[in-house]
Amino acid sequence: MHAFEYLRPETLEEALAFLAGREGAVPVAGATDVWVGIQGKKIAPSALVSLRRIPGLAGIREEGGAVTLGAATTHAAVEDSALLRERLPALHRACSAVGSRQVRNVGTVGGNLCNAAPSADSAVPLLLYDAVCVARGPGGERAIPVAEFFLAPGKNALDPGEILVHIRVPAPTPSGRTYADYWKLTRRKAVELPILGVGVRVSLDGDGVVRQARVALGVAGPTPLRARAAEAALEGRPLTRETAAAAAEAAAQEAQVRDSWRGKAWYRRQMIRVLVPRVLERAGALEGEV
Amino acid sequence: MEEVVRFTVNGEAVSVRAGAGWNLLRVLREGLGLTGAKEGCGAGECGACTVLVDGAAVNACLFPAPEAEGRSVVTIEGLAAREEAGGVGRLHPIQQAFVDHGAVQCGFCTPGMVLSAKALLDRSPEPDEAEIRTALAGNICRCTGYTQILEAVRAAAQARREVPRG
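Numbering of residues starts from 1 in every chain and runs along the sequence as written. By the order in which they are written, chains take letters starting at A while ligands take numbers starting at 1. In view of the model being predicted, local features appear only for residues whose pLDDT reaches at least 70, and side-chain atom pairs are presented and counted only at 80 or more, with totals across whole chains, interfaces and linings using the full set of residues. Side-chain calculation: all heavy atoms of the structure are included, whereas hydrogens and water are not.

In this section: the nonpolar core. Residue and element names in this part refer to chain A. To qualify as a nonpolar core, a set must consist of buried Ala, Val, Leu, Ile, Met, Phe, Trp, Tyr and Cys residues joined through side-chain atoms within 4.5 Å. Relative accessibility thresholds used throughout: buried, under 20% of the residue-type maximum; exposed, over 50%; partly exposed, between the two (1.4 Å probe, protein chains only). Of all hydrophobic cores here, the largest spans 37 residues; its most connected members are Val-202, Leu-239 and Ile-272. We count a stretch as a helix when DSSP gives it H or I for four or more residues in a row; a strand needs E for two or more, and each element gets its number in order from the N terminus. For this core, the secondary structure elements donating two or more residues are β11 (177-185), β12 (196-204), β13 (210-218), α9 (228-234), α10 (241-254) and α11 (265-283). The biggest single contributor to this core is α11, with seven residues. Formed by 35 residues, the second largest nonpolar core is a distinct cluster that contains Leu-88, Ala-120, Cys-133 and Leu-158.

For the rest of this paragraph, the subject is the layout of surface pockets. Cavities and pockets are defined on a 1 Å grid built over the protein atoms alone: a cavity is a set of grid points where a 1.4 Å probe fits but cannot escape, while a pocket is an open set with protein on both sides within 12 Å along at least five of seven lines, and lining residues are those with an atom within 4 Å of any such point. Grid points are joined across faces, edges and corners, and a volume is the space filled by probe spheres set on the points. In this model, the second largest pocket occupies a volume close to 1400 Å³. What lines the second largest pocket is a set of 42 residues, among which Lys-189 and Ala-190 of chain A together with Arg-133, Thr-134 and Ala-137 of chain B lie closest to the centre. Looking at the lining of the second largest pocket, the elements with two or more residues in it are α5 (89-96), α6 (101-104) and β11 of chain A together with α3 (110-123), α4 (129-136) and α5 (147-162) of chain B.

Moving on, we come to the pairing of strand β4 (residues 60-63) of chain A. All names here are of chain A. The pairing of β4 with strand β5 (residues 66-70) spans four bridges and is classified as antiparallel. Opposite Glu-63, over in β5, you have Ala-66 as the bridge partner. A strand pair is defined by DSSP finding two or more bridges across the two strands. Taking the residues between adjacent antiparallel strands as the criterion, β4 and β5 are bridged by two residues, where Gly-64 takes a positive phi near 60°.

Let us look at the interface of chain B and chain A. By a widely used convention, the size of an interface equals the accessible area lost when the partners come together. In this description, contact between two residues means that some pair of their heavy atoms is separated by no more than 4.5 Å. Across the contact, 30 residues belong to chain B and 24 residues belong to chain A. Together chain B and chain A conceal approximately 2100 Å² of surface at their shared face, both sides included; 58% is due to carbon and sulfur atoms. By buried area we mean the combined loss of accessible area, with a 1.4 Å probe, across both parts when two parts are placed together. Considering only the surface of chain B that becomes buried against chain A, Met-1, Leu-62 and Glu-67 of chain B emerge as the three largest contributors, covering 24% of it. What makes a salt bridge here is a side-chain nitrogen of Lys or Arg within 4 Å of a carboxyl oxygen of Asp or Glu, nothing more. If you look at where chain B meets chain A, you find two salt bridges. What qualifies as a polar contact is a pair of N or O atoms within 3.5 Å, subject to a donor-acceptor requirement within protein and to the restriction that residues adjacent in sequence count only when both atoms come from side chains. One can count nine residue pairs in polar contact (both at pLDDT 80 or more) joining chain B with chain A. Of all the secondary structure elements, the ones that give two or more residues to the side of chain B that touches chain A are β4 (56-59), α3 and α4 of chain B. The element that contributes the greatest number of residues to the side of chain B that touches chain A is β4 of chain B, accounting for four residues. Taken together, the residues that form the side of chain B that touches chain A break down as 13 nonpolar, eleven polar and six charged. Residues were grouped as follows: Ala, Val, Leu, Ile, Met, Phe, Trp, Tyr, Cys and Pro as nonpolar; Asp, Glu, Lys and Arg as charged; and all remaining residues, including Gly, as polar.

This is the structure in structure tokens:
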């Protein structure tokens, strides 16, 4: 392993100063992905700047219906949160499915986003919830909608020297009943990246018409992405098996799936067709057997 | 970049000189001679290196050594009751349940399995089947097929319920 410093600043200002003063320094919280990358010789940072001692970077807060997660909140904290299980069920499901309990006790939501893998489990639900990533850097604070946070596989939208500090999920605009869920398609039940990730969130009015729809996919493009044609196919229409199937088809068409060793493109495309309606069923928005 | 890490292991304060890039697994095995935690994969996927840090199960192979500073670590060596003068050390109830239920074959996964089970029961004393499986999902066993391990954990949970612990 190449030599690198491991720094533990106690304030955000100290962390920013460490990053500014060292080329090749990387901010980390749980450091799980980064550590694996270093051992596998895929990355060679000059220094890891641990954010774990900085107060206020971990934790879940609710204020006026909006939920804020500190970037250094572990997946386990999300898994154990009754508040998030109730308010952000798709995110709760996703974080609970990351790796193993051992990984979840250390790995964080912020780290998952910053690692910017196309498969990032926490990214798909955060797209459903219109989350905003808040970063701090030498220039001050910046809000980046999660849909703009991923630029390419492994590349996030942070500037050098910037740190993701929290993720804000805005209060839902009141519009009837909302259903949301995330399906992580895997070959086994744990310690696995998804073959495909499918998230759907719909808000229905009293007549069962979809007022707002969000469909998001993981491992269906170079970054986690929203399937906007699928959303358009749902909005303004009553939610039925037929409209769900049409939305699934639209999502399958707009997905940029590829062959990889975990699955072929044709399989991913077909599973989008299968899982969009199934996610709606499991979320309780559509009647049927799951 | 070498640094001294001061923390508590199995109730004892220790101070270990960790090399650059050391993880907690190396600190425990090479720094302290606590070889109960094993390196199975080195990538956080098999759980053979599982130890408890402040009560939470973690993969020691991915835990940066400096992050152990000030924390309380429990390894498999810390579970059995110490020998009293003239007496015999007693296995922790979870360890005993593993023995009683044939849940140990080669033993390589066992320290990690036992500690994952301990972390679960400390947090959730009456776990249902799904919770047990989820808690152990990060520990791979190549020998047993898991059946006896799950029985042992169920039995340990049951035994805990029957004997109120202080």
